[in-house]
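For reference, the chains in residue letters:
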Amino acid sequence: DAGVIQSPRHEVTEMGQEVTLRCKPISGHNSLFWYRQTMMRGLELLIYFNNNVPIDDSGMPEDRFSAKMPNASFSTLKIQPSEPRDSAVYFCASSWASGRSSYEQYFGPGTRLTVT
Amino acid sequence: AQKVTQAQTEISVVEKEDVTLDCVYETRDTTYYLFWYKQPPSGELVFLIRRNSFDEQNEISGRYSWNFQKSTSSFNFTITASQVVDSAVYFCALMPGNTPLVFGKGTRLSVIA
């Protein structure tokens, strides 16, 4: 299996620009998670989907952030407009969940975003 | 509230020493899962182990071992005969039921040759 795939691996953009991060989960997994990692705040959950439906987006910082999962094999995280404080590593993870049973999340390699 | 505390921010050991990384969690759920992840300098997050709340058996995998004690709400991780390649940030995480992971702040382990 190819694992969770994220693109791009690195993104440098100017403040005010739109940024789109992409994720392809592991085939067969039905839950997808977007995390952000910074030195100050550690790993934060932004949003997660179950069976392509957003379940909890309370971690999304503000309206500039949006996420979609149009099908089971693709998700995007968009920041518009971007700001320097959005600079971080963004991870996508996927797992299988059924009822009250949950299994380990597998993480993608991350996208390092730098907003200047 | 769900919370994971990794009190050790940084640990340095000399190669071949044993080292234990502490993890204490808080949850009111009776069904939950505990995890350890490794983040090497390359940045990816690598899954190490998953343990459910009904299984308190300790687990050993090579040089790695985990001690789960519900009585003290702890899930500690021991590396035996540490190696330089073990240098990484290690995260303990809690998943109460079928909900997202709650991560600790991580412990940075440096193994010196």
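**Student:** What's the story with the side chain of Thr13 of chain A in this structure? I'm lost.
**Tutor:** Tracing the backbone through its elements, the reader meets Thr13 of chain A in strand S2 (residues 10–13). When neighbours within four sequence positions are excluded, Thr13 of chain A is seen to be in contact with Val19, Ser82, Leu113, Thr114, Val115 and Thr116 of chain A.

**Student:** Looking at this structure, how should I read the state of the cysteines?
**Tutor:** Working definition: the covalent bond between the sulfur atoms of two cysteines is a disulfide. Taken as a whole and judged by the stated rule, the model has two disulfides over all chains. The residue that forms a disulfide with Cys23 of chain A is Cys92 of chain A, at a sulfur-sulfur distance of 1.9 Å. When the S-S torsion is -70°, as for the bridge of Cys23 of chain A with Cys92 of chain A, the disulfide is left-handed. Linking Cys23 of chain A in strand S3 (residues 19–24) with Cys92 of chain A in strand S9 (residues 88–95), this pair joins segments that are 69 residues apart in sequence. Its relative accessible area of 1% is what places Cys23 of chain A among the buried residues. Between the sulfur atoms of Cys23 of chain B and its disulfide partner Cys92 of chain B the distance amounts to 1.9 Å. Its S-S torsion of about -65° marks the bond between Cys23 of chain B and Cys92 of chain B as left-handed, since a negative value means left-handed. Within this pair, whereas Cys23 of chain B is found in the loop between strand S3 (19–21) and strand S4 (24–26), its partner Cys92 of chain B is found in strand S10 (residues 88–96), the two being separated by 69 residues in sequence. Overall, the relative accessible area of 0% leaves Cys23 of chain B in the buried class. Assessed through its relative accessible area of 0%, Cys92 of chain B is described here as buried.

**Student:** Looking at this structure, I do not really get the layout of surface pockets. What am I missing?
**Tutor:** Vacant regions in the atomic arrangement are exposed by a probe of water-molecule size rolled over the atoms. Approximately 790 Å³ is the volume attributed to the largest pocket. Forming the boundary of the largest pocket are 33 residues, of which Gln37 and Met39 of chain A together with Gln39, Val89 and Arg108 of chain B lie nearest the centre. Contributing elements (two or more residues each) for the lining of the largest pocket: strand S4 (31–38), S9 and strand S13 (111–115) of chain A together with S10 and strand S12 (107–112) of chain B. Considering each element in turn, the lining of the largest pocket owes the most residues, four residues, to S12 of chain B. A per-class count over the lining of the largest pocket returns twelve nonpolar, 15 polar and six charged. Considered as a void within the structure, the second largest pocket measures approximately 190 Å³ in volume. Arg41, Gly42, Leu43, Glu44 and Leu45 of chain A together with Leu101, Val102, Phe103, Gly104 and Lys105 of chain B are the residues that line the second largest pocket. Among the elements that make up the lining of the second largest pocket, the one with the highest residue count is strand S5 (residues 42–50) of chain A (four residues). Taken together, the residues of the lining of the second largest pocket break down into five nonpolar, two polar and three charged.

Conventions adopted
- Residues numbered from 1 in each chain as written.
- Chains lettered and ligands numbered in written order.
- Predicted model: local features only at pLDDT ≥ 70, side-chain atom pairs only at ≥ 80, totals over all residues.
- Heavy atoms only, no water.
- Helix = DSSP H or I, 4+ residues; strand = E, 2+ residues; numbered from the N terminus.
- Contact = heavy atoms within 4.5 Å.
- Disulfide = S-S within 2.5 Å.
- Buried < 20%, exposed > 50% of the residue type's maximum accessible area, 1.4 Å probe, protein only.
- 1 Å grid on protein atoms, 1.4 Å probe; cavity = no way out; pocket = protein on both sides within 12 Å on 5 of 7 lines; lining within 4 Å.
- Points joined across faces, edges and corners; volume = space filled by probe spheres on them.
- Nonpolar A, V, L, I, M, F, W, Y, C, P; charged D, E, K, R; others polar.

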